[in-house]
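# A look at the structure
Residue strings, one per chain:
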Amino acid sequence: MSDVIKYNNIVQLFREDSQSFENDEALKKWLSSEINDLINTDFEKLLSILYRIDVAENKVRQMLLEETESNAGDIIADLLIAREKQKVKTRAMFKQTNLTPNDDCEKW
């Protein structure tokens with residue numbers, strides 16, 4: 001199963017309907033195009049999406065300044081995907097460490 005399936009919430013922030021992709025590269029290409037369009041037409045919506053996904057504004061600025069030869073859409077798409085992957089890993093980690101009702105620890 002591709003990681004792309006886990007990132008439908010990114011896609012839904014850009015579109016009303018869900019869309020599937022064959023691989024992460026296809027997702028990145030699509031995201032980059034959508035991001036570049038928002039940069040030119042609705043920058044406030046892009047900022048809102050970055051805020052909702054919890055991509056740090058200073059990280060975006062830093063990457064855009066460091067990678068001046070790269071496409072802004074590609075840079076931001078990479079940051080969005082990386083942040084979503086980080087959230088998936090964190091959720092999985094906390095899911096594994098949660099106590100089940102049958103555990104003897106923490107019983108009151």
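The structure displayed is predicted, hence computed values, not measured ones.

Conventions and cut-offs
Residues numbered from 1 in each chain as written. Predicted model: local features only at pLDDT ≥ 70, side-chain atom pairs only at ≥ 80, totals over all residues. Heavy atoms only, no water. Axes fitted to C-alpha atoms, helices over the stretch in contact; angles between N-to-C directions. Helix = DSSP H or I, 4+ residues; strand = E, 2+ residues; numbered from the N terminus. Parallel < 35°, antiparallel > 145°, perpendicular 65-115°, else oblique. Contact = heavy atoms within 4.5 Å. Nonpolar A, V, L, I, M, F, W, Y, C, P; charged D, E, K, R; others polar. Salt bridge = Lys/Arg side-chain N within 4 Å of Asp/Glu carboxyl O. Buried < 20%, exposed > 50% of the residue type's maximum accessible area, 1.4 Å probe, protein only.

Attention now moves to the packing of helix α2 (residues 24-41) against helix α3 (residues 43-53). Think of two packed helices as two axes; the pair is described by the angle between the axes and how far apart they sit. It is at 6 Å that the axes of α2 and α3 come closest, and there the two elements cross at 130°. Judged by the angle between their axes, α2 and α3 are oblique. For the pair formed by α2 and α3, the contact residues are Ile-35, Leu-38, Ile-39 and Thr-41 on the first element and Phe-43, Lys-45, Leu-46 and Ile-49 on the second. In terms of residue class, the contact of α2 with α3 is built from six nonpolar, one polar and one charged.

Attention shifts here to the pattern of salt bridges. The full count for this structure, using the stated rule, is four salt bridges. The salt bridge partner of Asp-54 is Arg-83, with a shortest N-O separation of 2.8 Å. With Asp-54 in the loop between α3 and α4 (57-66) and Arg-83 in helix α5 (residues 72-97), this residue pair connects regions lying 29 residues apart in the sequence. On the accessibility criterion, Asp-54 (48% relative accessible area) is partly exposed. We note a salt bridge from Arg-61 to Glu-57, for which the minimum N-O separation is 2.5 Å. Of this pair, Arg-61 and Glu-57 are both found in helix α4, four residues apart, which corresponds to roughly one turn of the helix. On the accessibility criterion, Glu-57 (51% relative accessible area) is exposed.

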